[in-house]
Structure formats: structure tokens, C-alpha cells
Amino acid sequence: MTDLEQLTRSLGRNLKRWRTERGYTLDALAARAGVSRGMIIQIEQARTNPSVGTTVKIADALGVSITTLLDYEQGPQVRMVAPGEAVRMWSTDAGSHTTLLVGAEAPGPFELWDWRLMPGDESVSDPHPPGSVELIHVRAGTLTLIVDGAPYTVPAGTSATFEAKVAHGYRNDAAEPVEMTMSVIIPPAR
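Every chain begins its residue count from 1, and numbering advances along the sequence as written. Residue-level local features of this predicted model are given only where pLDDT is at least 70; pairs of side-chain atoms are given and counted only at 80 or more, and the full residue set underlies all totals for whole chains, interfaces and linings. Side-chain metrics rest on all non-hydrogen atoms present in the structure, leaving aside hydrogens and water.

Asker: Let's hear about the packing of aromatic side chains: which residues, and what values?
Answerer: The rule is short: rings of Phe, Tyr and Trp, with Trp giving its six-membered ring, pair when the centres are within 6.5 Å, and they are stacked under 30 degrees, edge-to-face over 60, tilted in between. One pass over the full model with this rule turns up two aromatic pairs. Consider the rings of W90 and W115, whose centres lie 5.9 Å apart with planes at 45°: the pair is tilted. On the criterion of sequence distance, the pair formed by W90 in strand β1 (residues 87-91) and W115 in strand β3 (residues 109-117) is long-range, its members being 25 residues apart. Each residue gets one of three labels from its accessible area relative to the maximum for its type: buried under 20%, exposed over 50%, partly exposed in between, using a 1.4 Å probe on protein chains only. Accessibility expressed as a relative area gives 6% for W115, which makes it buried. Through successive ring pairs, a cluster of aromatic residues spans W90, W115 and Y170. Under the DSSP-based scheme used, a helix requires at least four consecutive residues in state H or I and a strand at least two consecutive residues in state E, with every element numbered from the N terminus.

Asker: Give a detailed account of the sheet that holds strand β7 (residues 150-155), specifying residues and quantitative values.
Answerer: Only strands joined by at least two bridges in the DSSP assignment are considered to pair. Taken together, four strands build an open sheet; the order of strands is β4-β9-β6-β7 and the sheet is antiparallel. At either margin of the open sheet sits one strand with a lone partner, and together these are β4 (122-125) and β7. Put simply, the sheet's adjacent strands are angled 20° from each other on average, direction ignored. Inspection of the sheet shows β4 paired to strand β9 (residues 168-171) by four bridges, in the antiparallel sense. Looking at the pairing, V124 lines up with G169 of β9. Between the N-to-C directions of two axes lies an angle of 0 to 180 degrees, each axis being a line fitted to C-alpha atoms and, for a helix, fitted only over the stretch in contact.

Asker: Hey, could you go over the pattern of salt bridges for me, with residue numbers and the actual values?
Answerer: For this document, the term salt bridge refers to a Lys or Arg side-chain nitrogen within 4 Å of an Asp or Glu carboxyl oxygen. Evaluation of the coordinates by the stated rule reveals nine salt bridges. Salt-bridge contacts for E44 lead to R19; the nearest nitrogen and oxygen are separated by 2.6 Å. Of the two residues, E44 sits in helix α3 (residues 37-44) while R19 sits in helix α1 (residues 3-22), which places them 25 residues apart along the sequence. For D114, the salt bridge is made with R139, and the minimal N-O distance between the two is 2.9 Å. With D114 in strand β3 and R139 in strand β5 (residues 133-140), the pair connects residues that are 25 residues apart, well separated along the chain. Residue classification places R139 among the partly exposed residues on the basis of a relative accessible area of 36%. Residues joined in a network through salt bridges with shared partners are D114, R116, R139 and E179.

Asker: Before we move on, can you summarise the environment of M118 with the specific residues and values?
Answerer: Within the fold, M118 resides in the loop between β3 and β4. The exposure class of M118 is buried, given its relative accessible area of 16%. Other than its neighbours up to four places away in sequence, M118 contacts A94, G95, S96, N172 and P177. Whether two residues touch is decided by their heavy atoms; if any such pair falls within 4.5 Å, the residues are in contact.

Asker: Help me get a handle on α1, residues and values and all.
Answerer: Expected span of a helix: the number of residues minus one, times 1.5 Å. The terminal C-alpha atoms of α1, which comprises 20 residues, lie 28 Å apart, in line with the 28 Å expected from a rise of 1.5 Å per residue. All of the buried residues in α1 are T8, S10, L11, G12, N14, L15, W18 and R19. Considering only its buried residues, α1 is in contact with α2 (26-33), α3, α4 (52-62) and α5 (66-70). Downstream of α1 by a residue or two, G23 has a phi angle that is positive, lying close to 75°.

Asker: Tell me about the environment of S10, and name the residues and values.
Answerer: Mapped onto the secondary structure, S10 falls in helix α1. In the structure, S10 is positioned 91 residues away from L101 in sequence and 18 Å away in space, judged by C-alpha atoms.

Asker: Tell me about the pairing of β7, and please be specific about residues and values.
Answerer: Two strands pair when backbone bridges link them, and strand β6 (residues 142-147) and β7 are joined in this way by six bridges, in the antiparallel orientation. Among the inter-strand pairings, L145 is bridged to a residue of β7, identified as Y152.

Asker: Account for the side chain of T98, with residues named and values stated.
Answerer: Relative to the helices and strands, T98 is located in strand β2 (residues 97-105). Residue T98 is classed as buried on the basis of its relative accessible area of 3%.

Asker: Got a sec to walk through α2? Specific residues and values, please.
Answerer: Those residues of α2 not exposed but buried are L26, L29, A30 and A33. The arc that holds the buried residues of α2, viewed along the axis, is 100°, so those residues lie on one side. Looking one or two residues beyond α2, the residue adopting positive phi is G34, at roughly 75°. Directions are taken from the helix axis to each C-beta atom, and the arc is the one they span.

Quick look at the structure:
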């Protein structure tokens, strides 16, 4: 079985488990996540590999981290993620990428990300559930952080935090790559 096949099966199994645990019907989850009922069925049956955006919407609607949806197995209390096991979630031909380093469910989804954003590249995100917070630390370059349409310049060595319940994005308007670490905290589903 290839890594992609294993990931697709794990996602399907975990999605069904969390949907059932939350007591959501297919229609209820589709409405909460803003994706079609058919897409959820295809994911649960491991017949499709959804986009990162779709996976994020479903994870947010369930109140779990992407890590939880993609985990092949839940391990012991201490969970180590080796460099080769971190999940590359997004990339561009220019060399930009995001890597989900590790995540936890305490008390809601809590994720740690590594980002590299090449000059001219941008990544945008739909609003997360109310109460969601993102924390970033720029290690290199100058990030343009967009929150609810307003740009903020975040130079190397600077940290920022914001409520992620509004549309937001990350853009590199400079000539050198941006490298940053990001944490995302999402409240548990109610």
C-alpha cells in the first residue's frame, strides 16, 4: 500500500469515527463544514483524496486537528514525530510549503506548523470557528500577514497572534523566503 493510499484510508476511517462520536449525520457535517454530502461520503469510503482546504473545513467542523484526521494510529502519551513523518500539506512550484509538525487534542485541536513562503507566494484561509487563535513566529524574511483584509508587516524575529475567526492569509512581498513557525488552537466542538 502506498503512503497516499494509507493516508486516504486513515482519513476515511478517522472521519467516520469522529463524525459518529460527535453524533453528526452526513447532512449535518456537510452543513457545518460547508462541503457536499457526497464529498464526505467519498472521503469516508476512501474513494478520494480531498484538498487541504476541504480537510481543514471538515476538521474545524468536527472540532479536531488535521493531525487527528490523518493519524494512522494514536500512540502512547508521548508521541514523537520524526522529520520524515511530518505531513506536507501545501506546496507551490516556487518552493513554498507548509508542514504539519505535530498536533494534539487538549482540550481542542492544537497544531504546530512549519512554513516556508517563497517571494510572491501567498496562502489564504477561510475563517476558523469562533475562539480559534493562531500564533506565528517569523524566523527569516518579512511576512505580510492579512487578517480580515488588513495587512500587517511581520519581520524576522517578530511574533504575532490573532483571532482566526475571520478570513486571513500569509503573503511574501519581499525578495527573500519567509520561514515561520505557526501554532493553531481551535476550541472543541460543542
